[in-house]
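Here's the letter readout for the chains.
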Amino acid sequence: MSLSKQFIQDTLRQLELPTGGDLVTTGALKWVAACDAIANLRVSLPGEPNQRAMKNLAALIDTTIRAEAASQNIPVERLGVQFVNHAGDVVASFGDAPTAPTAAPPADPRSSDQGSGIPGVRHIIAVGAGKGGVGKSTVSVNLAAALARSGHSVGLLDGDIYGPSLPTLLGLDALEQTVLDGQLQPFLVHGFKAVTLGKMVDPDKPLIWRGPMAHGAFKQLYERTSWGELDYLIIDLPPGTGDVPLTMAQSLRLTGAVVVCTPQKVAQDDAVRAVKMFQQLGVEVLGVVENMSYFVGDPGADGQTKTYDIFGRGGAEQMAQRLGLPFLGSVPINTALRANGDSGEPLKNFEPASSGGDTLPQALTTLARNVESQVTLASMQQSRSKPSLSIS
Ligand code: ADP
(Lines give C-alpha, C1' and ligand atoms only; values in the text may rest on other atoms or scores of the structure.)
Protein backbone atom coordinates (compact mmCIF):
# COMPACT_ATOMS: atom_id res chain seq x y z
CA MET A 1 0.00 0.00 0.00
CA SER A 2 1.19 3.54 -0.66
CA LEU A 3 -0.04 7.02 -0.03
CA SER A 4 -2.72 7.45 -2.69
CA LYS A 5 -5.54 9.84 -3.46
CA GLN A 6 -8.02 7.07 -2.59
CA PHE A 7 -6.35 6.44 0.76
CA ILE A 8 -6.45 10.16 1.61
CA GLN A 9 -10.09 10.52 0.60
CA ASP A 10 -11.09 7.40 2.56
CA THR A 11 -9.19 8.63 5.61
CA LEU A 12 -10.65 12.13 5.49
CA ARG A 13 -14.17 10.71 5.19
CA GLN A 14 -13.69 9.49 8.78
CA LEU A 15 -12.81 12.99 10.01
CA GLU A 16 -15.97 14.62 11.31
CA LEU A 17 -15.86 18.44 11.02
CA PRO A 18 -17.04 20.63 13.92
CA THR A 19 -19.61 22.11 11.51
CA GLY A 20 -20.91 18.62 10.58
CA GLY A 21 -20.07 16.26 7.76
CA ASP A 22 -16.56 15.58 6.49
CA LEU A 23 -14.19 17.26 4.03
CA VAL A 24 -14.92 14.83 1.21
CA THR A 25 -18.71 14.61 1.25
CA THR A 26 -19.12 18.34 1.86
CA GLY A 27 -16.92 18.98 -1.21
CA ALA A 28 -14.42 21.02 0.83
CA LEU A 29 -11.56 18.79 -0.34
CA LYS A 30 -10.94 20.27 -3.78
CA TRP A 31 -7.80 18.53 -4.99
CA VAL A 32 -5.41 15.76 -3.97
CA ALA A 33 -2.10 14.83 -5.57
CA ALA A 34 -0.36 11.85 -4.02
CA CYS A 35 2.54 9.74 -5.09
CA ASP A 36 5.09 7.56 -3.34
CA ALA A 37 5.22 9.07 0.14
CA ILE A 38 4.33 12.63 -0.86
CA ALA A 39 0.91 14.27 -0.92
CA ASN A 40 -0.56 17.72 -1.41
CA LEU A 41 -4.15 18.64 -0.64
CA ARG A 42 -6.27 21.69 -1.37
CA VAL A 43 -9.22 22.57 0.81
CA SER A 44 -11.82 25.29 0.42
CA LEU A 45 -13.89 26.35 3.42
CA PRO A 46 -17.08 28.42 3.29
CA GLY A 47 -16.91 32.09 4.30
CA GLU A 48 -13.60 33.65 5.19
CA PRO A 49 -11.92 31.33 7.71
CA ASN A 50 -9.25 32.96 9.85
CA GLN A 51 -5.62 31.88 9.93
CA ARG A 52 -6.00 30.12 13.24
CA ALA A 53 -8.96 28.02 12.07
CA MET A 54 -7.06 27.00 8.93
CA LYS A 55 -3.94 26.18 10.91
CA ASN A 56 -5.92 23.99 13.33
CA LEU A 57 -7.70 22.17 10.54
CA ALA A 58 -4.42 21.63 8.63
CA ALA A 59 -2.88 20.14 11.80
CA LEU A 60 -5.92 17.90 12.27
CA ILE A 61 -5.74 16.70 8.65
CA ASP A 62 -2.01 16.06 9.02
CA THR A 63 -2.40 14.09 12.24
CA THR A 64 -5.34 12.07 10.94
CA ILE A 65 -3.60 11.06 7.71
CA ARG A 66 -0.30 10.26 9.39
CA ALA A 67 -1.99 8.19 12.13
CA GLU A 68 -4.03 6.16 9.66
CA ALA A 69 -0.99 5.71 7.40
CA ALA A 70 1.12 4.53 10.36
CA SER A 71 -1.55 1.99 11.31
CA GLN A 72 -1.39 0.56 7.78
CA ASN A 73 2.42 0.79 7.47
CA ILE A 74 2.18 3.40 4.73
CA PRO A 75 5.17 5.75 4.67
CA VAL A 76 4.48 9.50 4.65
CA GLU A 77 7.44 11.65 3.77
CA ARG A 78 5.89 15.00 2.90
CA LEU A 79 2.34 16.19 3.44
CA GLY A 80 1.12 19.65 2.50
CA VAL A 81 -2.27 21.27 3.03
CA GLN A 82 -3.32 24.43 1.18
CA PHE A 83 -6.48 26.46 1.60
CA VAL A 84 -8.03 28.06 -1.46
CA ASN A 85 -10.78 30.66 -1.64
CA HIS A 86 -13.87 30.33 -3.84
CA ALA A 87 -11.88 31.74 -6.79
CA GLY A 88 -9.24 29.02 -6.41
CA ASP A 89 -6.51 31.36 -5.05
CA VAL A 90 -4.23 29.75 -2.47
CA VAL A 91 -4.75 31.77 0.72
CA ALA A 92 -2.70 29.70 3.16
CA SER A 93 -0.19 26.83 3.02
CA PHE A 94 0.78 24.46 5.80
CA GLY A 95 3.18 21.56 6.19
CA ASP A 96 5.09 20.69 3.03
CA ALA A 97 2.75 22.41 0.61
CA PRO A 98 4.45 23.92 -2.46
CA THR A 99 4.76 27.67 -2.35
CA ALA A 100 2.57 29.61 -4.75
CA PRO A 101 4.32 31.28 -7.74
CA THR A 102 5.37 34.85 -7.15
CA ALA A 103 2.90 37.37 -8.44
CA ALA A 104 3.83 40.30 -10.65
CA PRO A 105 2.17 43.70 -10.84
CA PRO A 106 -1.47 43.64 -11.96
CA ALA A 107 -2.15 43.78 -15.70
CA ASP A 108 -3.31 47.08 -17.10
CA PRO A 109 -7.13 46.80 -17.03
CA ARG A 110 -7.40 49.18 -20.01
CA SER A 111 -5.48 46.82 -22.23
CA SER A 112 -7.54 45.27 -25.03
CA ASP A 113 -5.54 42.06 -24.82
CA GLN A 114 -7.31 40.96 -21.62
CA GLY A 115 -3.93 40.42 -20.03
CA SER A 116 -2.25 38.13 -22.56
CA GLY A 117 -0.16 40.87 -24.22
CA ILE A 118 -1.57 40.10 -27.69
CA PRO A 119 -4.63 42.16 -28.67
CA GLY A 120 -7.84 40.10 -28.76
CA VAL A 121 -6.23 36.99 -27.26
CA ARG A 122 -7.60 35.79 -23.93
CA HIS A 123 -5.29 32.94 -23.00
CA ILE A 124 -1.87 31.91 -24.25
CA ILE A 125 -0.87 28.34 -23.52
CA ALA A 126 2.68 27.18 -24.21
CA VAL A 127 3.25 23.52 -24.97
CA GLY A 128 6.77 22.47 -24.02
CA ALA A 129 8.81 19.31 -23.65
CA GLY A 130 12.15 18.41 -22.14
CA LYS A 131 13.33 17.00 -25.47
CA GLY A 132 12.30 16.47 -29.08
CA GLY A 133 10.32 13.59 -30.47
CA VAL A 134 7.97 13.08 -27.53
CA GLY A 135 4.95 14.35 -29.49
CA LYS A 136 4.87 17.99 -28.43
CA SER A 137 3.73 19.25 -31.84
CA THR A 138 1.22 16.41 -32.16
CA VAL A 139 -0.25 17.30 -28.78
CA SER A 140 -0.29 21.03 -29.69
CA VAL A 141 -2.18 20.39 -32.94
CA ASN A 142 -4.69 18.02 -31.41
CA LEU A 143 -5.23 20.25 -28.41
CA ALA A 144 -5.99 23.15 -30.76
CA ALA A 145 -8.36 20.94 -32.76
CA ALA A 146 -10.12 19.61 -29.66
CA LEU A 147 -10.60 23.09 -28.18
CA ALA A 148 -11.91 24.36 -31.53
CA ARG A 149 -14.29 21.39 -31.76
CA SER A 150 -15.76 22.33 -28.41
CA GLY A 151 -16.66 25.77 -29.74
CA HIS A 152 -13.67 27.94 -28.84
CA SER A 153 -11.85 30.29 -31.15
CA VAL A 154 -8.31 28.95 -31.25
CA GLY A 155 -4.97 29.92 -32.74
CA LEU A 156 -1.86 27.78 -33.04
CA LEU A 157 1.60 29.26 -33.40
CA ASP A 158 4.52 27.09 -34.43
CA GLY A 159 7.24 28.34 -32.14
CA ASP A 160 9.43 25.36 -33.00
CA ILE A 161 11.39 27.59 -35.36
CA TYR A 162 14.28 25.14 -35.80
CA GLY A 163 12.08 22.35 -37.09
CA PRO A 164 8.62 23.71 -37.81
CA SER A 165 6.35 20.71 -38.29
CA LEU A 166 2.97 22.43 -38.62
CA PRO A 167 3.12 22.63 -42.45
CA THR A 168 3.03 18.82 -42.48
CA LEU A 169 0.83 18.18 -39.44
CA LEU A 170 -1.78 20.66 -40.69
CA GLY A 171 -1.49 19.85 -44.41
CA LEU A 172 -0.44 23.38 -45.40
CA ASP A 173 1.81 22.35 -48.30
CA ALA A 174 -0.47 23.54 -51.11
CA LEU A 175 -1.44 26.78 -49.34
CA GLU A 176 0.25 30.15 -49.76
CA GLN A 177 1.08 32.46 -46.88
CA THR A 178 -0.64 35.79 -47.37
CA VAL A 179 0.27 39.16 -45.88
CA LEU A 180 -2.22 42.03 -45.70
CA ASP A 181 -1.20 45.53 -44.63
CA GLY A 182 2.04 44.15 -43.24
CA GLN A 183 0.17 41.58 -41.11
CA LEU A 184 0.48 37.82 -41.58
CA GLN A 185 -2.88 36.22 -42.26
CA PRO A 186 -3.13 32.95 -40.35
CA PHE A 187 -4.22 29.82 -42.20
CA LEU A 188 -7.77 28.91 -41.24
CA VAL A 189 -7.63 25.12 -41.21
CA HIS A 190 -9.39 22.35 -39.26
CA GLY A 191 -11.49 24.93 -37.40
CA PHE A 192 -8.63 27.05 -36.03
CA LYS A 193 -6.04 29.61 -37.13
CA ALA A 194 -2.39 28.69 -37.57
CA VAL A 195 0.88 30.41 -38.33
CA THR A 196 4.25 28.79 -38.91
CA LEU A 197 7.63 29.98 -40.03
CA GLY A 198 7.74 26.76 -42.03
CA LYS A 199 5.58 28.48 -44.68
CA MET A 200 8.00 31.40 -45.03
CA VAL A 201 11.28 29.60 -45.52
CA ASP A 202 12.62 26.93 -47.83
CA PRO A 203 11.51 23.66 -46.23
CA ASP A 204 14.69 21.87 -47.32
CA LYS A 205 17.12 24.37 -45.83
CA PRO A 206 18.18 23.93 -42.22
CA LEU A 207 17.02 26.77 -40.02
CA ILE A 208 19.98 28.12 -38.15
CA TRP A 209 19.16 30.85 -35.70
CA ARG A 210 21.25 32.49 -33.07
CA GLY A 211 19.40 33.30 -29.85
CA PRO A 212 18.47 36.96 -30.56
CA MET A 213 17.53 36.19 -34.19
CA ALA A 214 15.34 33.32 -33.07
CA HIS A 215 13.66 35.57 -30.58
CA GLY A 216 13.16 38.30 -33.20
CA ALA A 217 11.61 35.85 -35.67
CA PHE A 218 9.29 34.46 -33.04
CA LYS A 219 8.28 37.93 -31.87
CA GLN A 220 7.37 38.90 -35.42
CA LEU A 221 5.30 35.77 -35.78
CA TYR A 222 3.10 36.47 -32.79
CA GLU A 223 3.06 40.27 -32.99
CA ARG A 224 2.51 40.65 -36.71
CA THR A 225 -0.25 38.14 -37.21
CA SER A 226 -3.91 39.11 -37.53
CA TRP A 227 -5.17 36.74 -34.87
CA GLY A 228 -8.52 38.47 -34.38
CA GLU A 229 -10.41 37.42 -31.25
CA LEU A 230 -9.10 34.20 -29.73
CA ASP A 231 -10.07 32.28 -26.62
CA TYR A 232 -6.84 30.30 -26.75
CA LEU A 233 -3.53 30.77 -28.52
CA ILE A 234 -1.49 27.58 -28.31
CA ILE A 235 2.26 27.99 -28.75
CA ASP A 236 4.25 24.95 -29.80
CA LEU A 237 7.62 25.78 -28.20
CA PRO A 238 10.95 24.39 -29.35
CA PRO A 239 11.95 21.32 -27.30
CA GLY A 240 14.29 21.49 -24.35
CA THR A 241 15.17 24.12 -21.82
CA GLY A 242 17.78 26.08 -23.76
CA ASP A 243 17.97 29.76 -24.47
CA VAL A 244 15.38 29.83 -27.22
CA PRO A 245 12.39 28.12 -25.53
CA LEU A 246 13.25 30.00 -22.35
CA THR A 247 13.26 33.40 -24.05
CA MET A 248 10.06 32.61 -25.89
CA ALA A 249 8.25 31.53 -22.75
CA GLN A 250 9.51 34.66 -21.08
CA SER A 251 8.44 37.07 -23.79
CA LEU A 252 4.73 36.24 -23.60
CA ARG A 253 2.24 36.65 -20.80
CA LEU A 254 1.26 33.01 -20.59
CA THR A 255 -1.80 31.78 -18.77
CA GLY A 256 0.22 28.63 -18.31
CA ALA A 257 2.27 25.84 -19.81
CA VAL A 258 1.55 22.23 -20.68
CA VAL A 259 4.47 19.82 -20.48
CA VAL A 260 4.46 16.76 -22.75
CA CYS A 261 6.33 13.67 -21.67
CA THR A 262 6.54 10.00 -22.58
CA PRO A 263 6.34 7.48 -19.73
CA GLN A 264 9.98 6.33 -19.54
CA LYS A 265 12.19 7.39 -16.65
CA VAL A 266 14.72 9.08 -18.96
CA ALA A 267 11.95 11.15 -20.55
CA GLN A 268 10.63 12.14 -17.14
CA ASP A 269 14.00 13.52 -16.11
CA ASP A 270 13.94 15.85 -19.13
CA ALA A 271 10.34 16.81 -18.48
CA VAL A 272 11.16 17.71 -14.87
CA ARG A 273 13.72 20.17 -16.23
CA ALA A 274 11.06 21.71 -18.49
CA VAL A 275 8.69 22.02 -15.52
CA LYS A 276 11.40 23.72 -13.48
CA MET A 277 12.16 26.11 -16.33
CA PHE A 278 8.54 27.31 -16.41
CA GLN A 279 8.39 27.54 -12.65
CA GLN A 280 11.59 29.60 -12.55
CA LEU A 281 9.97 31.99 -14.99
CA GLY A 282 6.93 32.23 -12.73
CA VAL A 283 4.77 30.54 -15.38
CA GLU A 284 2.03 28.33 -13.99
CA VAL A 285 2.42 24.73 -15.15
CA LEU A 286 -1.11 23.72 -16.08
CA GLY A 287 -0.11 20.08 -15.99
CA VAL A 288 1.61 17.14 -17.62
CA VAL A 289 0.46 15.07 -20.62
CA GLU A 290 1.67 11.52 -21.04
CA ASN A 291 2.07 10.84 -24.75
CA MET A 292 2.68 7.37 -26.23
CA SER A 293 1.25 6.13 -22.98
CA TYR A 294 -0.04 2.73 -24.05
CA PHE A 295 -1.04 0.83 -27.19
CA VAL A 296 -4.42 -0.74 -27.82
CA GLY A 297 -4.18 -3.87 -29.98
CA ASP A 298 -6.78 -5.13 -32.44
CA PRO A 299 -9.66 -7.18 -31.00
CA GLY A 300 -8.82 -10.87 -30.57
CA ALA A 301 -11.08 -13.81 -31.51
CA ASP A 302 -13.08 -13.11 -28.34
CA GLY A 303 -13.75 -9.53 -29.51
CA GLN A 304 -11.70 -8.11 -26.61
CA THR A 305 -8.88 -5.63 -27.19
CA LYS A 306 -5.64 -5.90 -25.25
CA THR A 307 -3.73 -2.87 -23.96
CA TYR A 308 0.06 -2.94 -24.01
CA ASP A 309 2.07 -0.66 -21.72
CA ILE A 310 5.02 -0.39 -24.09
CA PHE A 311 6.92 2.41 -22.37
CA GLY A 312 5.54 1.89 -18.85
CA ARG A 313 2.18 3.62 -18.70
CA GLY A 314 1.71 5.95 -15.76
CA GLY A 315 5.32 7.13 -15.44
CA ALA A 316 4.50 10.71 -16.39
CA GLU A 317 1.43 10.70 -14.15
CA GLN A 318 3.56 9.65 -11.20
CA MET A 319 6.04 12.37 -12.05
CA ALA A 320 3.21 14.93 -12.08
CA GLN A 321 2.04 13.73 -8.68
CA ARG A 322 5.55 13.87 -7.29
CA LEU A 323 5.81 17.48 -8.40
CA GLY A 324 2.33 18.34 -7.11
CA LEU A 325 1.12 19.10 -10.65
CA PRO A 326 -2.17 18.24 -12.33
CA PHE A 327 -2.10 15.29 -14.69
CA LEU A 328 -3.92 16.31 -17.86
CA GLY A 329 -4.29 12.94 -19.55
CA SER A 330 -2.73 10.11 -21.51
CA VAL A 331 -2.55 9.87 -25.28
CA PRO A 332 -2.11 6.30 -26.61
CA ILE A 333 0.38 5.21 -29.23
CA ASN A 334 -1.84 5.07 -32.25
CA THR A 335 -0.86 4.44 -35.86
CA ALA A 336 -3.77 6.58 -37.09
CA LEU A 337 -2.49 9.53 -35.03
CA ARG A 338 0.85 9.21 -36.81
CA ALA A 339 -0.74 8.71 -40.24
CA ASN A 340 -3.20 11.59 -39.79
CA GLY A 341 -0.23 13.73 -38.73
CA ASP A 342 1.73 12.80 -41.84
CA SER A 343 -1.26 13.54 -44.08
CA GLY A 344 -2.16 16.76 -42.23
CA GLU A 345 -5.67 15.67 -41.24
CA PRO A 346 -5.93 16.08 -37.47
CA LEU A 347 -9.73 16.07 -37.39
CA LYS A 348 -9.68 12.38 -38.37
CA ASN A 349 -8.22 11.68 -34.93
CA PHE A 350 -11.62 12.58 -33.49
CA GLU A 351 -13.55 10.14 -35.70
CA PRO A 352 -13.61 6.61 -34.26
CA ALA A 353 -13.88 5.17 -37.79
CA SER A 354 -10.59 6.83 -38.81
CA SER A 355 -8.68 6.54 -35.57
CA GLY A 356 -9.05 2.87 -34.66
CA GLY A 357 -11.98 3.17 -32.24
CA ASP A 358 -13.10 5.39 -29.38
CA THR A 359 -9.89 5.40 -27.37
CA LEU A 360 -8.01 8.15 -29.19
CA PRO A 361 -10.96 10.57 -29.67
CA GLN A 362 -11.85 10.17 -26.00
CA ALA A 363 -8.26 10.66 -24.85
CA LEU A 364 -7.88 13.86 -26.89
CA THR A 365 -11.23 15.26 -25.79
CA THR A 366 -10.47 14.53 -22.13
CA LEU A 367 -7.08 16.18 -22.50
CA ALA A 368 -8.62 19.37 -23.89
CA ARG A 369 -11.29 19.41 -21.18
CA ASN A 370 -8.65 19.09 -18.47
CA VAL A 371 -6.56 21.85 -20.03
CA GLU A 372 -9.64 24.09 -20.13
CA SER A 373 -10.32 23.45 -16.43
CA GLN A 374 -6.74 24.21 -15.48
CA VAL A 375 -6.78 27.39 -17.57
CA THR A 376 -9.93 28.49 -15.76
CA LEU A 377 -8.30 27.79 -12.40
CA ALA A 378 -5.05 29.49 -13.38
CA SER A 379 -6.77 32.58 -14.71
CA MET A 380 -8.90 32.85 -11.57
CA GLN A 381 -5.69 32.81 -9.56
CA GLN A 382 -4.14 35.38 -11.87
CA SER A 383 -7.24 37.57 -12.11
CA ARG A 384 -5.60 40.15 -9.95
CA SER A 385 -2.00 39.49 -10.91
CA LYS A 386 -0.14 38.03 -13.85
CA PRO A 387 2.81 35.62 -13.56
CA SER A 388 6.18 37.26 -13.15
CA LEU A 389 8.29 36.65 -16.21
CA SER A 390 11.60 37.92 -14.94
CA ILE A 391 14.49 35.64 -14.05
CA SER A 392 16.36 36.53 -10.93
P1 ADP B 1 7.91 16.63 -31.16
O2 ADP B 1 7.11 17.84 -31.50
O3 ADP B 1 7.97 16.36 -29.68
O4 ADP B 1 9.27 16.61 -31.77
P5 ADP B 1 6.06 15.27 -32.92
O6 ADP B 1 4.74 15.70 -32.44
O7 ADP B 1 6.60 15.91 -34.16
O8 ADP B 1 7.14 15.35 -31.75
O9 ADP B 1 5.99 13.70 -33.11
C10 ADP B 1 7.06 12.95 -33.63
C11 ADP B 1 6.50 11.78 -34.44
O12 ADP B 1 5.84 10.87 -33.57
C13 ADP B 1 5.48 12.21 -35.48
O14 ADP B 1 5.63 11.41 -36.62
C15 ADP B 1 4.14 11.91 -34.82
O16 ADP B 1 3.12 11.61 -35.79
C17 ADP B 1 4.49 10.68 -34.00
N18 ADP B 1 3.66 10.58 -32.80
C19 ADP B 1 3.56 11.48 -31.80
N20 ADP B 1 2.72 11.02 -30.85
C21 ADP B 1 2.27 9.82 -31.26
C22 ADP B 1 1.38 8.84 -30.71
N23 ADP B 1 0.78 9.02 -29.55
N24 ADP B 1 1.14 7.72 -31.45
C25 ADP B 1 1.75 7.52 -32.65
N26 ADP B 1 2.61 8.39 -33.19
C27 ADP B 1 2.88 9.52 -32.52
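Source: prediction; values computed, not measured.

**Overview of the packing of helix H7 (residues 265-280) against helix H8 (residues 315-322)**
Viewed as axis vectors pointing N to C, H7 and H8 meet at an angle of 35°, and their least axial separation amounts to 10 Å. Between H7 and H8 lies a crossing of right-handed hand. Touching Gln268, Ala271 and Val272 of H7 are Gly315, Ala316, Met319 and Arg322, all from H8. For the contact of H7 with H8, the class distribution of residues is four nonpolar, two polar and one charged.

**Let's talk about the nonpolar core**
If you look at the biggest cluster of nonpolar residues, it comprises 40 residues, and the most contacted ones within it are Leu157, Leu233 and Phe278. Looking at this core, the elements with two or more residues in it are strand E5 (121-129), helix H5 (211-223), strand E11 (230-236), helix H6 (243-251), strand E12 (256-261), H7, strand E13 (285-296) and H8. In terms of residue count, H7 provides more of this core than any other element does, six residues in total. Every residue in contact with Phe278, bar those within four places of it in the chain, is listed here: Gly128, Leu237, Ala249, Ala257, Val259, Val283 and Val285. Among the nonpolar cores identified, the runner-up in size contains 39 residues, and Ala144, Ala146, Ala194 and Leu360 belong to it.

**Re the site of the ligand**
Around the ligand sit 14 residues, and of these Gly133, Lys136, Ser137, Thr138 and Pro332 come closest. Ser137 places a main-chain nitrogen or oxygen 2.8 Å from an oxygen atom of the ligand. At 2.9 Å from a nitrogen atom of the ligand is found a side-chain nitrogen or oxygen belonging to Asn291. In isolation the ligand offers 560 Å² of accessible surface; the protein chains occlude 80% of this area. For the shell around the ligand, the element with the most residues is helix H3 (residues 136-149), which contributes three residues. For the shell around the ligand, the per-class residue count stands at five nonpolar, seven polar and two charged.

**Some details on the environment of Asp243**
Here Asp243 shows up in helix H6. Separated by 28 residues in sequence, Asp243 and His215 have C-alpha atoms that sit 9.5 Å apart.

**Details of the confidence of the model for the protein**
On average, the protein scores 85 in pLDDT, and the residues at 70 or more come to 89%. Per-element confidence in the protein ranges from a low mean pLDDT of 77 for H5 to a high of 97 for H3. Here residues 100-112 is modelled with pLDDT under 50, and outside its nearest four sequence neighbours on either side it reaches 16 contacts, counting other chains as well. For residues 386-392, every residue scores under 50 in pLDDT, and the model assigns this stretch 26 contacts once sequence neighbours within four places are set aside.

**Some thoughts on the packing of aromatic side chains**
Per the stated rule, a full pass over the model turns up three aromatic pairs. Here Phe83 and Phe94 contribute two aromatic rings whose centre-to-centre distance is 5.8 Å and whose plane-to-plane angle is 85°, an arrangement assigned as edge-to-face. Linking Phe83 in strand E3 (residues 78-84) with Phe94 in strand E4 (residues 90-95), this pair joins segments that are eleven residues apart in sequence. Across the pair, Phe94 and Phe83 agree in class, each one buried. Ring plane angle 40° and centroid distance 6.3 Å describe the contact between Phe295 and Tyr308, whose orientation is recorded as tilted. Taken as a pair, Phe295 in strand E13 and Tyr308 in strand E14 (residues 307-308) lie far apart in primary sequence, 13 residues in all. Under the relative-accessibility criterion, Phe295 is labelled partly exposed at 27%. In this arrangement the basic side chain of Arg42 is found over the ring face of Trp31, its NZ or CZ atom lying 4.7 Å from the centre. The residue whose ring lies beneath Arg313 is Tyr294, and the NZ or CZ to ring-centre distance is 3.8 Å.

**Section: the side chain of Asn291**
Its place among the elements puts Asn291 in strand E13. Separated by 2.8 Å, the side chain of Asn291 and the backbone oxygen of Val134 make a polar contact. With near-sequence residues (within four places) excluded, Asn291 lies in contact with Val134, Gly135, Val139, Val260, Cys261, Thr262, Pro263 and Val331.

What counts and how
Residues numbered from 1 in each chain as written. Predicted model: local features only at pLDDT ≥ 70, side-chain atom pairs only at ≥ 80, totals over all residues. Heavy atoms only, no water. Axes fitted to C-alpha atoms, helices over the stretch in contact; angles between N-to-C directions. Helix = DSSP H or I, 4+ residues; strand = E, 2+ residues; numbered from the N terminus. Left-handed = near helix turned anticlockwise from the far one by under 90°. Contact = heavy atoms within 4.5 Å. Nonpolar A, V, L, I, M, F, W, Y, C, P; charged D, E, K, R; others polar. Core = buried A, V, L, I, M, F, W, Y, C linked by side-chain atoms within 4.5 Å. Buried < 20%, exposed > 50% of the residue type's maximum accessible area, 1.4 Å probe, protein only. Near = heavy atom within 4 Å. Polar contact = N/O pair within 3.5 Å; in protein donor to acceptor, adjacent residues only side chain to side chain. Areas by Shrake-Rupley, 256 points an atom, 1.4 Å probe, with all protein chains shown as cover. pLDDT = per-residue confidence, 0-100. Phe/Tyr/Trp six-rings, centres within 6.5 Å; stacked < 30°, edge-to-face > 60°. Lys NZ or Arg CZ within 6 Å of the ring centre and 35° of its normal.

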